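Chain and residue survey
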Amino acid sequence: MSRFGSDMFRVLIVGAGLTGSLCACLLRRELQNIKIVVWDKARGTGGRMFTSRPPDASSHTADLGAQYVSATPAYAKSHHSFYEEIISAGVLRHLDCPVKGLRNDDSINYVTPQGMGSIVKHFLSQSGADLFLEHHVTALHRRGASWEVERKLGDSETFDAVVLTIPVPQILQLEGDVGRLLSVSQKQQLEGVVYSSRFALALFFPPDAVLDVPWGVWYVSDNRCICYVAVDSRKRGLEAAEILGPSLVVHTSVPFGLEHLEREKEEVQPIILAELHKLLPNLPQPVSIKCHKWRYSQVLTAVPDCPGHMTILEQPLLVAGGDAFVHSNFDGCVESALSVIGALKAVLRH
């Protein structure tokens, strides 16, 4: 077990997705003299804002998770500073490609020219946090005024506060003291959280490939398998740069995802491709395909009353946040991060 050097207050944020990156950024802006560390079990940042690179770099990247950001008029106003920051940084811009089948509402839709993962990268870079990937947290043990955090591979470390932004089922699976510290009510609330599940495909095409469709995004309404298709390079306004080949993203429906959830993605990929070729029979041959299973896609049932966070223990602080405590979109993650930071500041003032 190791605890690095100084007396500086050390905060661990578990999860390098949108909520985790926002927590790190906001915490740094509020409090300078603390050590912020971010661990994620994956090989890259982003969480469900995951932008996938093609294997041979001849095609555009593809967003396998969240597709774009939709701001309601109320959130566009209340979270204006967040939108203004990432628009000014060139991370966001307005969605202006043709969209087929989208229900009209008064939301403002934004895309990310460099992929949805660039939002997370922006806030992480602003945070100055120490980021460690392939750090899979398995247990938390209370050790007096601090937490000993165990991971799958490597030494455990101690922190003065821990913020959990991972999906709720993964919080409930943590070993150590978390389970016994949750009240009966808290455990019931967490066990009541429900996520949708789905598969996502990214098809990467060579530079000379032409995807001859009149839309950039298509919400498919009459297919049991596929509910969404996007020419991802066109969605993001990158098609004029024809040096790279186009990329296509396919999302399955929630019922299809649930039906095939326990199957290997290699078994499910041919089923999705067969349905895709029925929808788009003239699709050119891709140079590569990636398939991803989202066991925890979007939150269908959040923690009641959308509290933004849950304080599991005040001293030493253990707090959980994320879209499960609000709702599944950019603004939900912002709300949760603001709520988590409020809890952290209250503890650090004492």
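Everything in this summary refers to the structure shown in the same document. Bear in mind that the values here come from a model prediction, so they are computed numbers and not experimental data. (Residues numbered from 1 in each chain as written. Predicted model: local features only at pLDDT ≥ 70, side-chain atom pairs only at ≥ 80, totals over all residues. Heavy atoms only, no water.)

**A few points about the pattern of salt bridges**
Our working definition: Here, a salt bridge means any Lys or Arg side-chain nitrogen found within 4 Å of an Asp or Glu carboxyl oxygen. Think of it this way: any DSSP run of H or I at least four residues long counts as a helix, any run of E at least two long counts as a strand, and we number them from the N terminus. For each residue, the accessible area found with a 1.4 Å probe, counting protein chains only, is set against the maximum for its type, and the residue is called buried under 20%, exposed over 50%, and partly exposed in between.
Using the criterion set out here, one finds 15 salt bridges in the structure. In this structure, the salt-bridge partner of Arg-236 is Asp-63, at a minimum N-O distance of 3.7 Å. Of this pair, Arg-236 sits in the loop between helix H8 (232-235) and strand E19 (247-252) while Asp-63 sits in strand E4 (residues 62-63), and the two are 173 residues apart along the sequence. Given the relative accessible area of 0%, Asp-63 is considered buried. Among the ionic pairs, Arg-180 bridges to Asp-177, the shortest N-O distance being 3.3 Å. The class for Asp-177 is buried, based on a relative accessible area of 13%. When salt bridges with common partners are traced through the structure, they connect Asp-63, Asp-232, Lys-235 and Arg-236 into a single cluster.

**Regarding the side chain of Ser-107**
Quick note on the threshold: Contacts are assigned to residue pairs with any non-hydrogen atoms lying within 4.5 Å of each other.
On the secondary structure map, Ser-107 appears in the loop between strand E7 (99-100) and strand E8 (108-111). With residues near it in sequence (within four places) discarded, Ser-107 still touches Ser-70, Ala-71 and Thr-72.

**Side note on the nonpolar core**
Convention followed: We call a set of buried residues a nonpolar core when its members are Ala, Val, Leu, Ile, Met, Phe, Trp, Tyr or Cys and they connect through side-chain atoms within 4.5 Å of each other.
Ranked by internal contacts, the top residues of the largest apolar core, which has 41 residues, are Leu-18, Ile-119, Phe-123 and Phe-330. The element contributing the most residues to this core is helix H11 (residues 330-349), with eight residues. Excluding its chain neighbours within four sequence positions, the residues that come into contact with Phe-330 are Leu-18, Val-69, Phe-82, Tyr-83, Ile-86, Ile-119 and Phe-123. Core analysis: the next-biggest nonpolar cluster, separate from the first, contains 31 residues, Val-137, Trp-147, Tyr-195 and Leu-318 among them.

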